[in-house]
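Examining the three-dimensional arrangement
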Amino acid sequence: MKQQLKIAVCIKQVPDTGQIKWTQNNTIDRTNMDSIINLCDEYALEMAFNIKEAYKDKQTQISVFSMGPYKACEILKYALALGCDNAYLITDKVFLGSDSYITSKILAQAIKYVFQDEFDLVICGQFASDGDTAQTGVGIAVNLNIPVVTYISSLIEVNDDSIVVQQNFEDSFNIVKLPLKSLMCVINNNCKLRNPNVLGYMLSQRKDIKILTANDLGFERNQVGLQGSPTYVYNAYRYNEDNNREKKIYSNLSSNDGAKIILKEVQKLFDYYED
Amino acid sequence: MNDILIFGEFSISNKLRPCVFQLLSKANYLKNKLDDSKLKLLILSPSDLNFDEIINELKYYNIDEIIIVKNDNFKEFNSDYYYNCIKNIVLEVNPKIFLIGGTNIGRTIAPMISNSLHTGLTADCIELDINDEKNLSATRPTFGGELMATIWSKTYPQMATVRENVFKIEKFDENNPTIIFKDYNFQEYKSKLSLIKQIKREINNDLANARIILSGGMGLKNKEGFAKLENLANIMGAQIGGSRLIVEAGFASSNIQIGQTGQSVAADLYIAFGISGAIQHLCGIKNCKKIIAINNDPNAPIFNHCDIGIVDDAALVIEQLENLLSQKV
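Residues numbered from 1 in each chain as written. Chains lettered and ligands numbered in written order. Predicted model: local features only at pLDDT ≥ 70, side-chain atom pairs only at ≥ 80, totals over all residues. Heavy atoms only, no water.

The subject of this paragraph is the interface of chain B and chain A. By a widely used convention, the size of an interface equals the accessible area lost when the partners come together. On the chain A side, the residues contacting the 97 residues of chain B number 86 residues. Taken together, both faces of the contact between chain B and chain A bury some 8100 Å²; the carbon and sulfur share is 57%. The largest per-residue losses of area from chain B upon contact with chain A belong to Phe 143, Trp 152 and Arg 201 of chain B, which jointly make up 9% of the total buried on that side. Summed over the shared surface of chain B and chain A, the number is three salt bridges. At the boundary of chain B with chain A, the tally comes to 39 residue pairs in polar contact (both at pLDDT 80 or more). Alignment of strand E13 (residues 248-250) of chain A against strand E16 (residues 308-311) of chain B, held across three bridges, turns out to be parallel. (Contact = heavy atoms within 4.5 Å. Buried area = accessible area lost by both parts, 1.4 Å probe. Salt bridge = Lys/Arg side-chain N within 4 Å of Asp/Glu carboxyl O. Polar contact = N/O pair within 3.5 Å; in protein donor to acceptor, adjacent residues only side chain to side chain. Pairing = 2+ DSSP bridges. Helix = DSSP H or I, 4+ residues; strand = E, 2+ residues; numbered from the N terminus.)

All right, on to the pattern of salt bridges then. One pass over the structure, following the stated rule, counts 22 salt bridges over all chains. The salt bridge involving Arg 194 of chain A is made with Glu 46 of chain A; its shortest N-O contact spans 3.1 Å. Placement of the pair is Arg 194 of chain A in the loop between strand E10 (182-186) and helix H5 (198-205) and Glu 46 of chain A in helix H1 (residues 39-54), with a sequence separation of 148 residues. Of the residues examined, Arg 194 of chain A reaches a relative accessible area of 25% and is grouped as partly exposed. Between Arg 245 of chain A and Asp 307 of chain B there is a salt bridge, with its nearest N and O atoms 3.1 Å apart. Here Asp 307 of chain B lies in the loop between strand E15 (290-295) and E16 and Arg 245 of chain A lies in the loop between strand E12 (231-238) and E13, a pairing that spans two chains. Comparing Arg 245 of chain A with Asp 307 of chain B shows no difference in burial state: the two are buried. (Buried < 20%, exposed > 50% of the residue type's maximum accessible area, 1.4 Å probe, protein only.)

Glancing now at the domain arrangement of chain B. Residue and element names in this part refer to chain B. Along its sequence, chain B is organised into domain 1 (4-183) and domain 2 (212-328). Between the C-alpha centres of domain 1 and domain 2 the distance comes to 34 Å. The interface of domain 1 with domain 2 comprises nine residues on the first partner and 10 residues on the second. For the domain 1 and domain 2 pair, buried surface summed over both sides reaches about 780 Å², with 53% attributable to carbon and sulfur atoms. Considering only the surface of domain 1 that becomes buried against domain 2, Gly 145, Glu 146 and Arg 163 emerge as the three largest contributors, covering 48% of it. (Domains from an automatic or database assignment.)

In this structure, Ile 262 of chain A together with Leu 58, Leu 99, Leu 128, Leu 214, Tyr 270 and Phe 273 of chain B are the most contacted members of the largest nonpolar core, which totals 92 residues. Sorting elements by how many residues they give to this core places helix H1 (residues 18-32) of chain B first, with seven residues. Counting residues domain by domain, this core receives three or more from each of domain 1 (4-183) and domain 2 (212-328) of chain B. Core analysis: the next-biggest nonpolar cluster, separate from the first, contains 63 residues, Val 94, Phe 95 and Cys 124 of chain A together with Leu 117 of chain B among them. (Core = buried A, V, L, I, M, F, W, Y, C linked by side-chain atoms within 4.5 Å.)

So, about the sheet that holds E12 of chain A. A sheet is described by the order of its strands in space; here four strands give the open sequence E12(A)-E8(B)-E7(B)-E6(B), paired in antiparallel fashion. Edge strands, defined here as strands with exactly one partner in the open sheet, are E12 of chain A together with strand E6 (127-130) of chain B. Each strand axis lies, on average, 25 degrees off the axis of its neighbour in the sheet, ignoring direction. The strands that H1 of chain B touches are E6 and strand E7 (136-142) of chain B; relative to E6 of chain B, the one it contacts most, it runs at about 25 degrees. (Axes fitted to C-alpha atoms, helices over the stretch in contact; angles between N-to-C directions.)

Let us now look at the sheet that holds strand E12 (residues 212-216) of chain B. Strand pairing in a sheet relies on backbone hydrogen bonds. The paired strands run either parallel or antiparallel. One open sheet accounts for six strands, arranged E13(A)-E16(B)-E15(B)-E14(B)-E12(B)-E13(B); its pairing is parallel. Two strands bound the open sheet, and with one partner strand each, they are E13 of chain A together with strand E13 (239-242) of chain B. Each strand axis lies, on average, 15 degrees off the axis of its neighbour in the sheet, ignoring direction. Here four bridges tie E15 of chain B to E16 of chain B, and the two strands are oriented parallel to one another.

Below, the structure written as C-alpha cells:
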C-alpha cells in the first residue's frame, strides 16, 4: 500500500458576477467589481480536505494550482490558509485569451511539470461561474490521459487504491468507483465549507507561491493564448432578445403601492380561475 | 466533409432524450445552409435493445444516416467507453459539425472528444447558425449569463453543446434514413471506472406545473430574506422558486432552481423578487404568461423581459405584501 497521497486542486479567480452593475450603454461596470474564488472550486478544495481526512494512515499532500494574473495569488493564499501544502500560480502574458482547450493543456502541463507523473488525484470544480463551459477539468484529464468522473456531489468512501463517489445525472444518481490516479470534477452540494483559522493564516505566511511561466512549461508563444486557441469570440453583446412583454416600469412608488399592484395581478388571476 | 453529426443520447429508460430531437430539428436548418451536407445520427446502445420503435420515431427529421453502435459496455454511462467509441466514429465519419445535448452526460463526453481531436467546442449554446464562410456560428451566454458571445472555431469538427429545451422540435415529411448497425470491439481495453449502484432520480414537477410562482434572487440578501418569500408563497398558495445565485449561495435548495441549469417553467404569473435576470434565467421563464419583476437596480436586465417592473427593494415589497394579505384575512 502506498503511504503517500498527492492531490492537485485547480482553482480559478472569477469576477463576482452576483454583483454586476450595468452602465447605461449596456456595458458591464467593472470599476467596483470584486474578484472571488470560483464557488465550485471551494467545493473542490473541501473535497480534497475530506479525502485527506478520510485517509487516516496516508500522508496526504495537497497542492493547489491557478492560472491567471498576479491578482490570483489572493485565492492561492486563501487555499494555503485553509491548509493546502503548496501553491502554484501559472501566469504569463502569452496565456492571455486562451480558451478552455488551451487552458486545459497548460494546467495539465503544469501538473506534469510539478509532479513528473507522481500524483494520485486531480480535483477541479465542475464549472466556473464566469465562463461556465465546464470543459477545463475534463480537458485536463484527457491531456493527462487519466479517467475522469464529473458532477460529483459527495464522497462516499475511500479504499486503498480507489475512491467511491456520488455522481449526479438528470435522471439518476450514480455511485461510481474511480481508481487512484484519476480526475474528479466537483459540483456545489451545499455542504458546509471550512473557513481558514488564525493558525492557518499564520502558517500560510511562511509558504511561498511558486510561479510557472510559459517558458517553464515549454510553450511557444503561438501555441497558447488567442493564437493557439481553436475557438475565438467573434462578437459579444448584451442579451436583448425581442419580446412582446409590456415592460411597464414603476420607478417611484412606495413599497406599499408596489405591493398593491402585485396583489391586483394575483387577484385578477384568481378571478379568472373562478370564472 | 460538410456533414452534420448528432449524438443520440438515451435517457435511463432507453429512450432518446428530447434534446436529440431538438438538435435534429435545428440541424435541418444548418444543413440547408451548407452545400452537399448529410445529417447523421450516432447512437450507442447495449446489444439487446430493439430499435423498431426508435427508428420509426426518427423518420420525421430528414436524417440521412443513423449509425447504431452496439456493445454491452454501453448499458450504463461510462465516460471511458463512450469516449473511446465516439472518438473513433467521429474520426471515421469526419463531419464538419458535431452537436451534443448539453446534459450532464453530454457535457462530460463533448470536452473529452474535443480535447482528444484538438478541436474547438462551444458549450451551452442558445443559438446556432452558419456564417458566410460556411462555418458554425455558435452563440452562448457568458459572464454569469450577463453577456452573449458568438463563437467561431478554426478547427474541425466544429463542436457545440445545447441544453435541453433550448430549441423546439420541428418535424418534417417522412423519410427513410439509411440504418447502419455496427458492433464495437474494445479488444483488450477495460475501463478503470466502475458503476456500483444507480439510483433513479424522482423528478419534482411542482414547479413545471405551477400557475403562480414567487421566485427569489440575491436581492433578498440572505437565508432569512428568502425564508420570508417562502412564507409569502405559502400564504398565497404559490410555488417557490429561486435563481442560480441564491441556490449557489446556499439560501435556497437546488431542486427549486429556475433557469437553464434548473427547471424551465410556464406559470400564468411569475413574480421575480430581487432577480437581476441572467440570460440562463430568462431562458427558463420565457414561457410564463405574465412576468412581474421587483429589483432595486433600474438597469437590471429583467426589466427588459417583464410585463410589470417595480424598481424597489424586494425585501420591502415582500413585507408590504405580507401586511396587505394579513389585513385581508
